[in-house]
Amino acid sequence: MAGNFHLLGCPDCGNEQVVFEKVAMPVACAVCGHTLATPTGGKATLEGELIETVEAR
Ligand SMILES: [Zn+2]
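It should be emphasised that the depicted structure is a prediction, and the values quoted were computed from it without experimental measurement.

Draft legend 1. Looking closely at the coordination of the zinc ion. Surrounding the zinc ion are the protein donor atoms Cys-10 (SG), Cys-13 (SG), Cys-29 (SG) and Cys-32 (SG), at 2.3 to 2.4 Å. Taken together, the four donor atoms coordinating the zinc ion span angles of 103 to 117° at the metal, a pattern that classifies the geometry as tetrahedral. Ordering the donors of the zinc ion by residue number gives the pattern C-x2-C-x15-C-x2-C. Of this pair, Cys-13 sits in the loop between β1 (5-9) and β2 (16-20) while Cys-32 sits in the loop between β3 (27-28) and β4 (35-38), and the two are 19 residues apart along the sequence.

Quick look at the structure:
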């Protein structure tokens, strides 16, 4: 059940937040509430700026 994590930058406030690639619920920026990722049944649709992808080990 491995999955990758994405480090996303919020396009509105620049906050950087780690998001699991298979989110079950929409993920909002912790600072301003902008939606960073939404679930699409499989991998999340990323709406923030993708800074880095971190592979799970
Ligand atoms: Zn934000």
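Draft legend 2. Region of the structure containing the side chain of His-6. With respect to the element layout, His-6 can be found in strand β1. Within the structure, His-6 has its side chain in polar contact with the side chain of Thr-53 (distance 3.1 Å).

Draft legend 3. Region of interest: the environment of Gly-9. If you trace the backbone, Gly-9 turns up in strand β1. On the accessibility criterion, Gly-9 (4% relative accessible area) is buried. Note: C-alpha distance between Gly-9 and Arg-57 (48 residues apart in sequence) is 23 Å. Not counting chain neighbours up to four residues away, the residues in contact with Gly-9 comprise Asn-15, Glu-16, Gly-48, Glu-49 and Ile-51.

Thresholds, definitions, all that
Residues numbered from 1 in each chain as written. Predicted model: local features only at pLDDT ≥ 70, side-chain atom pairs only at ≥ 80, totals over all residues. Heavy atoms only, no water. Donors = N, O, S within 2.8 Å, 3.2 Å for Na, K, Ca; no water. Tetrahedral: all angles 85-135°; square planar, octahedral: opposite > 155°, others 65-115°. Helix = DSSP H or I, 4+ residues; strand = E, 2+ residues; numbered from the N terminus. Polar contact = N/O pair within 3.5 Å; in protein donor to acceptor, adjacent residues only side chain to side chain. Buried < 20%, exposed > 50% of the residue type's maximum accessible area, 1.4 Å probe, protein only. Contact = heavy atoms within 4.5 Å.

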